[in-house]
Amino acid sequence: MAEVHIRKVVKKYDEVLAVRGIDLDIRDHEFVVLVGPSGCGKTTTLRMIAGLEDITDGEIAIGGDVVNDVPPKDRDIAMVFQNYALYPHMTVHENMSFGLRLKKFPKDEINRRVDEAARILDITELLDRKPKQLSGGQRQRVAMGRAIVRNPKVFLFDEPLSNLDAKLRVQMRIEIKKVHQKARTTTVYVTHDQVEAMTLADRVVVMNNGIIEQGGTPNELYHHPKTRFVAGAIGSPAMNFIPCKLQDEGGQLKLRINDGLALPIPPARAGQYGQHKGNGSVLLGLRPEHLTDARSQLDPGVVAFDANLEVTEPMGMETLVYFPINGETVCGRVNPAAGAKDGAPLKMAADLNQMHLIDAKSGLVL
Amino acid sequence: MVDATMKSDAAVARGRQSSSLQRTFQRKSTIAFLMTLPLILLIAVLVIYPAFYAVHLATLNKTMERYVGFSNFLFLFKRETFWMVVWQSCIFAITAVIFKAIIGFIVAHLVHNIPSKGQRKWRGMLLIPWVIPPAMSTLAWLWLFDPSYSAFNWIFERVGISPIPWLGDVYWARFCVILVNVWIGAPFFMIMYLAALKSVPEQLYEAAKIDGANWWQTMRFVTIPMMRNIIAITALFSTIVTFANFDIVRVLTRGDPLDQTHVFATWAFRVGIEGGDIPLGASVSLFMVPILTIGAIFILRDIVKRGNEA
Amino acid sequence: MTAAASTGAVAVHPKYGSMSSDRRWALRWSYFFLILFAIFFLTPPVYMLITSLKTSQEISAITNPWWVYNPTLDNYRELLTSNQYLRFFLNSSIVSVSVVTITMLISVPAAFALSRMKFWGSTLLGTGVFLTYLIPETLLFIPLFKMMAVFNDLTGISLINKWWVLLILYPTLTVPFCTWIMIGYFASIPKELDEAALIDGATWTQTLTKIFIPVALPGLIAATIFAFTVSWAQFLYPLAFTTSESQLVLPVGIITTLIKGDVFNWGQIMTGALLGAAPPLIIYAFLMDYYIAGLTAGATKG
């Protein structure tokens, strides 16, 4: 158990900066998920914590000790790899106990720990099998078991679920959460899947281009993204971004989308955005769930408009509809009973109480 | 949507060069060097050095006391036997490789054709000539070609064909040497081609069938292009090995009749070791270098190419 | 509906019938030619066996050479009690087993270093190793022969005509190829596996011995078989470097001692050759898949 401190860490490959000086403090027992697109530096960061990559600049401390020059085995960490990296010639038991055996733990201590981990992960009856004889989900459990028996200060997960099918992924996600609730080990988890990030994390850290865009609880990130990138990365289907102009029209602050459509900003938000009016183009960020079919009675701040649906995707509990605004395809979520049809018009409603306004140039949420 | 753009960046990280693992490696590069040192020494002392030493030896006179420049080579150029050896070596290697390749190709297809549970058995049986040490199996051929007790001639006699002077006649002797070489080497081609055939995805054949390709078109447009790499590299390997062959000719004919079946290796042995003229023997063996170099360059090119693809 | 279905079936049926009969005929022809090729490939070893069971009288008699009228094991008995032949066999065994050991001790660490511990010149060395494999022994035996003589002049240690000189020479044939295929096998081990071992606290040697060698065991077996069969079959080096009967290995021993001048004792020669071919054949019979994996590794890996 320990906290992890990352201070101004930089990673340079030849001349390419993969990580551009990040700061991150991970508290004891915390489950932190690093999420971001391919090449954003999240895996590199994880591997630097593990000691599998050099740190070009800055420092990483685990449990208060700077570990920059400490080899992986002495960092007291355990890692679960994307492809599990189980030793194919060893049984499950041998796989899990390999690290302990190398450290010359007494035999009964090893067995006690392996049995305990196997019980937690429900793989007791698999202990004598070889990895080849296991399914993907079982291998995943063994890989976690190997990490658990070490009883390390920090767990590191490198996209551990990306090789599993969708159903198993959900199941293992819950499993990982349970294990963390039991063991309470500080965990750093890397994934590209924002759903995984949201569901698992105490704190989600969104990375992009080698820097941290924003860190916070899943709800913070979802409701108060600080940048366009975070707004777009968190939530599925992704947030819509509609280019528009912030204008004063007849004493009211409006979002002018095109000649025919201007959305009035709710009075509650007007004060917040007033100072930005006229500063060129902005983006209206609106999540699909705030673009719904218009009911007869509109709440304050909700604006109705006509949309020509291009594609509809019935999901059962809701129907996703896609329609163009200013040439951008925009996604909304409507009631299945609203009668949305491909190619048909539909009265839509935008809930501007939930809007985000983004400066198109800087990408910052205003 | 987000998922689609956020592919694993692990691959990217791995693609880049250095890692702390490698820093540990660098620190341990001395260990790595020590681990390869025996290999380096072995190659340097017993392969590279002798190869250059051969060039040096080739420029000495018979007693190896005097530098004579190219006169060993000039001497060889004037000898009829030398040109015969050049000729015979080329004929031997080219013919043998062609037949090995053809027979290997046919047999590989035959084995590939039959139900897969019988394939292992047939494959195992057909590779036997390759497994027996060549010196031993060539002895069996020597006995089969025996001038007075040839078991082939016995059969020929039954069916009314006059006995063949297998190793007594120059042309028959050359034929025999090639035959034995084909016998030993064809199974190797068969195994390589079979491995290549197995690596062609079944879907390609199914796609070709649906596209209406007949047997020949399937062969021409699917099988052979997919196997091209292995066909080429096997043939190159085999050319090198066949060109430098020693065992078969040495055991079967020792170069007889009248030195007419010698190849470079056996003649170099005759001249250099048995005849005691080491410089001349070295000169003879050096004539293998051009062919070997050409073969090596092609193989290397293929390997570098595949290395880049990987 | 039913009528249409049944006529459809009738129309289609003969076609299926002809297709499967085509295939049946193709299969028959395949077997026919396979048998022909099998006869071609197996005649010499079978003839070795036939001859080895004959007495010298029967061999020189004008009877059907393809048949044994009075089978006898005399040839085997004689050879297996002949000190000379047993000496050859022993020499061959010692040489081959030692060469395999030496080869593995050199190749495996080198392959590990070349595939995992990148260092200055390691790529060049990897390619160099492969090129070395393409240099045939027939190019090297003369300079090596002379080198031995020079070595003798310098140190007074005679290397010619000692069986153990083969322990120095054979690795030049086995090490490059074995290193090459081991590099291929090691390279196919995922990088995460050594990272996992590193995190588990394994040192380099432990990673090699506890992870790499067990995981690449099939490759190791293939390389071992290759080294053994090459050493067992090598003919040129012993022929050039050893002459005394006590120093000979099997292939040279059989050819130089059983063939006395023009007198060929074919029964014994065939028996000796067959027994000499036995060890590789037995290994092949039991470890065929590894043997074949080793054969094809050169071209399909790396």
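Residues numbered from 1 in each chain as written. Chains lettered and ligands numbered in written order. Predicted model: local features only at pLDDT ≥ 70, side-chain atom pairs only at ≥ 80, totals over all residues.

### Some remarks on the domain arrangement of chain C
The assigned domain composition of chain C is domain 1 (2-46) and domain 2 (74-300). Using only C-alpha atoms to locate each centre, domain 1 of chain C and domain 2 of chain C end up separated by 45 Å. (Domains from an automatic or database assignment.)

### Quick notes on the interface of chain C and chain A
Taken residue by residue, the interface counts 14 residues in chain C and 17 residues in chain A. If you list the elements that add at least two residues to the side of chain C that touches chain A, you get α9 (191-199) and α10 (204-215) of chain C. For the side of chain C that touches chain A, the element with the most residues is α9 of chain C, which contributes six residues. (Contact = placed C-beta atoms within 7 Å. Helix = DSSP H or I, 4+ residues; strand = E, 2+ residues; numbered from the N terminus.)

### Remarks on the sheet that holds strand β9 (residues 203-208) of chain A
All names here are of chain A. The strand order across the open sheet built from six strands is β6-β7-β8-β3-β9-β10, with neighbouring strands paired in mixed fashion. If you trace the sheet from one side to the other, it starts and ends with β6 (77-80) and β10 (211-216), each paired once. Looking at each pair of strands side by side, their axes are set apart by 20° on average, direction ignored. Looking at chain direction, strand β3 (residues 31-35) and β9 are connected through four bridges and run parallel. Its bridge partner being in β9, V35 is matched across the sheet by V206. (Pairing = 2+ DSSP bridges. Axes fitted to C-alpha atoms, helices over the stretch in contact; angles between N-to-C directions.)

### Here we look at the nonpolar core
Core analysis: the biggest nonpolar cluster contains 286 residues, and V33, L156 and V188 of chain A, Y193 and L252 of chain B together with M182 and A273 of chain C have the highest contact counts within it. Those residues in contact with A273 of chain C that lie beyond four places of it in its chain are M136, L139 and A140 of chain B together with M48 and I254 of chain C. (Core = buried A, V, L, I, M, F, W, Y, C linked by C-beta atoms within 7 Å. Buried ≥ 20, exposed ≤ 12 C-beta atoms within 10 Å, placed from the backbone.)

### Examining helix α13 (residues 250-258) of chain C
Across the nine residues that make up α13 of chain C, a large majority, seven, are buried. For α13 of chain C, the complete set of buried residues consists of L250, P251, V252, G253, I254, I255 and L258 of chain C.

### Observations concerning the interface of chain C and chain B
Taken together, the 75 residues of chain C in the interface contact 78 residues of chain B. The leading source of residues in the side of chain C that touches chain B is helix α1 (residues 2-52) of chain C, at 15 residues. In the side of chain C that touches chain B, the residues fall into 60 nonpolar, 11 polar and four charged. (Nonpolar A, V, L, I, M, F, W, Y, C, P; charged D, E, K, R; others polar.)

### A few points about the environment of D193 of chain A
Residues and elements named next belong to chain A. One can find D193 in the loop between β8 (186-191) and α6 (194-200). When the 20 C-beta atoms within 10 Å are taken as the criterion, D193 is described as buried. Between the C-alpha atom of D193 and that of V10, which follows or precedes it by 183 residues, the distance is 24 Å.

### Side note on helix α5 (residues 122-134) of chain C
Residues and elements named next belong to chain C. Taking 1.5 Å as the rise per residue, α5 with 13 residues should run 18 Å; its terminal C-alpha atoms sit 19 Å apart, in good agreement. By the burial criterion, the buried members of α5 are L125, G126, V129, F130, T132 and Y133. Across the axial projection of α5, the buried residues extend over an arc of 155°, all falling on one side. Exposed residues on α5 whose side chains face more than 90 degrees from its buried face are T123 and L124. (Expected span 1.5 Å × (residues − 1). Arc of directions from axis to C-beta.)

### Points about the environment of F152 of chain B
Residue and element names in this part refer to chain B. Tracing the sequence through the fold places F152 in helix α10 (residues 151-158). A tally of 17 C-beta atoms within 10 Å means that F152 is categorised as partly exposed. Linking F152 and V170, residues 18 residues apart in sequence, is a C-alpha distance of 18 Å.

### Some thoughts on the confidence of the model for chain C
Residues and elements named next belong to chain C. Summarising the model, chain C shows a mean pLDDT of 83, and 91% of its residues fall at 70 or more. Every residue in residues 1-15 is under pLDDT 50, and counting partners more than four places away or in other chains gives zero contacts. For this predicted complex, the interface confidence reaches an ipTM of 0.84, while the overall pTM sits at 0.81. (pLDDT = per-residue confidence, 0-100.)

### With respect to the pairing of strand β1 (residues 4-13) of chain A
Residues and elements named next belong to chain A. For β1 and strand β4 (residues 57-62), the ladder comprises five bridges, and the chain directions are antiparallel. Following the sheet pairing, V4 is matched in β4 by I62. Pairing geometry for β1 and strand β2 (residues 16-26), over eight bridges, is antiparallel. Within β2, the residue paired with V10 across the bridge is R20. In textbook terms, the turn of a hairpin is the stretch between consecutive antiparallel strands, and for β1 and β2 this stretch comprises two residues, one of which, D14, has a positive phi near 50°.

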